[in-house]
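Each chain, written out:
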Amino acid sequence: MLSDKSQVKGTVFAIVISEKGGAERREVFDQPELNIGRVQGNELMLPKGNVSKRHARLVFRDGRYIVTDLNSTNGTYVNRRRINQATIVRQGDRIYIGDFVLRIDSQDESSGLASSPASVAPIPLREPMVPPQRLLLLPPQRSAAIHLFLRRRGCRSPPRRRLRPR
């Protein structure tokens, strides 16, 4: 990892890291592969309990950034969608890992990265959105009118269970 102020031609990419309820920081990396996790030994360490020890991997290959979840407990999200396989990310895409939001930063024309703090746009911090479950569990005593109303709204009631054994 390189310092924030150094400008090196071998720089591969920079990441802007925002923590929920915390400050934003920018880190520059000179290697094309980056392991992300909560423990030492990862190139990018995010020390929070909702980040797995070995959470994700970010790779720069063939001019593209690819993020892969390493079977983490809480998952890795790109633009609020959980990823299950290697996913291409572009500049400006948000990678959600635990309480952290990562964004690949832009590069200057020739000599490194834009180091001005004004060039870093703030990232709105919200919890990663998990697709809503469309199954609504209602007690069996609800009226048919309520079930019909909810069904029209896109929710479906679970199938009724028989109370008596067959």
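My aim in this report is to walk through the structure given alongside it, one point at a time. (Residues numbered from 1 in each chain as written. Predicted model: local features only at pLDDT ≥ 70, side-chain atom pairs only at ≥ 80, totals over all residues. Heavy atoms only, no water.)

Time to look at the overall build of the protein. For the protein, the helix and strand inventory stands at one helix and eleven strands. In the protein, the succession of α and β elements from N to C terminus is β-β-β-β-β-β-β-β-β-β-β-α. Out of the 166 residues belonging to the protein, those deemed buried represent 35%. Taking contacts inside the protein between residues at least 6 apart in sequence as the whole, the part at least 24 apart equals 37%. Roughly 11,100 Å² of accessible area belongs to the protein as shown, and the carbon and sulfur atoms make up 50% of that amount. (Helix = DSSP H or I, 4+ residues; strand = E, 2+ residues; numbered from the N terminus. Buried < 20%, exposed > 50% of the residue type's maximum accessible area, 1.4 Å probe, protein only. Contact = heavy atoms within 4.5 Å. Areas by Shrake-Rupley, 256 points an atom, 1.4 Å probe, with all protein chains shown as cover.)

A few words now on unusual backbone geometry. At Asn71, a residue that is not glycine, the phi angle is positive and equals roughly 55°. When you line up the elements, Asn71 lands in the loop between strand E6 (64–69) and strand E7 (76–78). Here the phi dihedral of Asn79 falls at roughly 50°; this positive angle occurs in a residue that is not glycine. By the secondary structure assignment, Asn79 is in the loop between E7 and strand E8 (81–82).

Fair warning: the whole summary comes from geometry, so function is off the table for now.
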